[in-house]
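Coordinate analysis (summary)
The lines below spell out each chain.
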Amino acid sequence: MPRSVNSVAKRARRKKVLKQAKGYFGRRKNVWTVAKNAVDKAMLYAYRDRKAKKRNFRSLWIMRINAAARQEGLSYSQFMGKLNASEIGLNRKVLADLAMNHPEAFKAIVEKVK
């Protein structure tokens, strides 16, 4: 009995990976074995960095809030402690946006929690 191979599916798999490798430099874009490894690594980085992105943005928001709060005479931890005690339900993303784009609104919040 002759050996049966599913060439259609095999070609589709390869085309899919080579399409994902489009734009890579050198053999990474058109040689199957190199492209497969490059795409696998890229997918791992993408998965990892979707998680890291959330951490990076939270860190950025904290830095911005800290800088704006210090201009009003409070540290970040003092400001957040007083904010929670006064039961103002603004998250860090919104507070950072206010601190950057609407400093007068941020100042009003600081005066309210002092």
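Everything numeric here is computed off the predicted structure, so don't read it as measured data.

Parameters and conventions
- Residues numbered from 1 in each chain as written.
- Predicted model: local features only at pLDDT ≥ 70, side-chain atom pairs only at ≥ 80, totals over all residues.
- Heavy atoms only, no water.
- Helix = DSSP H or I, 4+ residues; strand = E, 2+ residues; numbered from the N terminus.
- Buried < 20%, exposed > 50% of the residue type's maximum accessible area, 1.4 Å probe, protein only.
- Contact = heavy atoms within 4.5 Å.
- Areas by Shrake-Rupley, 256 points an atom, 1.4 Å probe, with all protein chains shown as cover.
- Lys, Arg positive; Asp, Glu negative; His and termini not counted.
- Charge placed at Lys NZ, Arg CZ, Asp CG, Glu CD.
- pLDDT = per-residue confidence, 0-100.
- Axes fitted to C-alpha atoms, helices over the stretch in contact; angles between N-to-C directions.
- Left-handed = near helix turned anticlockwise from the far one by under 90°.
- Nonpolar A, V, L, I, M, F, W, Y, C, P; charged D, E, K, R; others polar.
- Core = buried A, V, L, I, M, F, W, Y, C linked by side-chain atoms within 4.5 Å.
- Phe/Tyr/Trp six-rings, centres within 6.5 Å; stacked < 30°, edge-to-face > 60°.

Things to note about the overall build of the protein chain
Scanning the protein chain for helices and strands turns up 5 helices and 0 strands. Each helix and strand of the protein chain, placed in order from N terminus to C terminus, yields the pattern α-α-α-α-α. Principal axes of the C-alpha set define a box for the protein chain whose edges measure 85 × 30 × 20 Å. A buried classification covers 21% of the 114 residues belonging to the protein chain. For the protein chain, long-range pairs separated by at least 24 residues make up 40% of all intrachain contacts whose partners lie at least 6 apart in sequence. When the accessible surface of the protein chain is totalled, it reaches about 8,900 Å², and 55% of it is carbon and sulfur. For the protein chain, the distance from the average position of its 29 positive side-chain charges to the average position of its 7 negative side-chain charges is 22 Å.

Some remarks on the confidence of the model for the protein chain
Confidence along the protein chain averages 95 in pLDDT terms, with 100% of residues attaining 70 or more. Mean pLDDT across the elements of the protein chain bottoms out in helix α3 (residues 76–85) (94) and peaks in helix α2 (residues 32–71) (97).

Here we look at the packing of helix α1 (residues 7–20) against α2
Interhelical geometry of α1 versus α2 gives an angle of 60 degrees and a closest axis separation of 9 Å. In the packing of α1 onto α2, the handedness of the crossing is left-handed. For the pair α1 and α2, the contacting residues are Arg13, Arg14, Val17, Leu18 and Gln20 in the first and Trp32, Ala35, Lys36, Val39 and Met43 in the second. Broken down by class, the residue content of the contact of α1 with α2 amounts to 6 nonpolar, 1 polar and 3 charged.

Remarks on the nonpolar core
Nonpolar side chains tend to gather and get buried jointly when the protein is soluble and globular. Ranked by internal contacts, the top residues of the largest apolar core, which has 16 residues, are Ile65, Phe79, Met80, Leu83, Leu95, Phe106 and Ile109. Excluding residues that lie within four positions of it along the chain, Leu95 makes contacts with Ile65, Phe79, Met80, Leu83, Leu90, Phe106 and Ile109.

Describing unusual backbone geometry
You will see that Glu87, though not glycine, has its phi angle at about 60 degrees, which is positive. Here Glu87 shows up in the loop between α3 and α4 (92–101). Take Glu87: its relative accessible area is 72%, and that puts it in the exposed class.

Some words on the environment of Leu90
With respect to the helices, strands and loops of the structure, Leu90 is situated in the loop between α3 and α4. Leu90 sits in the partly exposed class, given a relative accessible area of 29%. Discounting chain neighbours no more than four positions away, the residues touching Leu90 are Leu83, Leu95, Leu98 and Ile109.

Regarding the packing of aromatic side chains
Scanning the model with the defined rule gives 2 aromatic pairs in all. On the basis of an interplanar angle of 45 degrees and a centroid distance of 6.1 Å, the ring pair of Phe57 and Trp61 is categorised as tilted. Of this pair, Phe57 and Trp61 are both found in helix α2, 4 residues apart, which corresponds to roughly one turn of the helix. By relative accessible area, which is 40% here, Phe57 ends up partly exposed.

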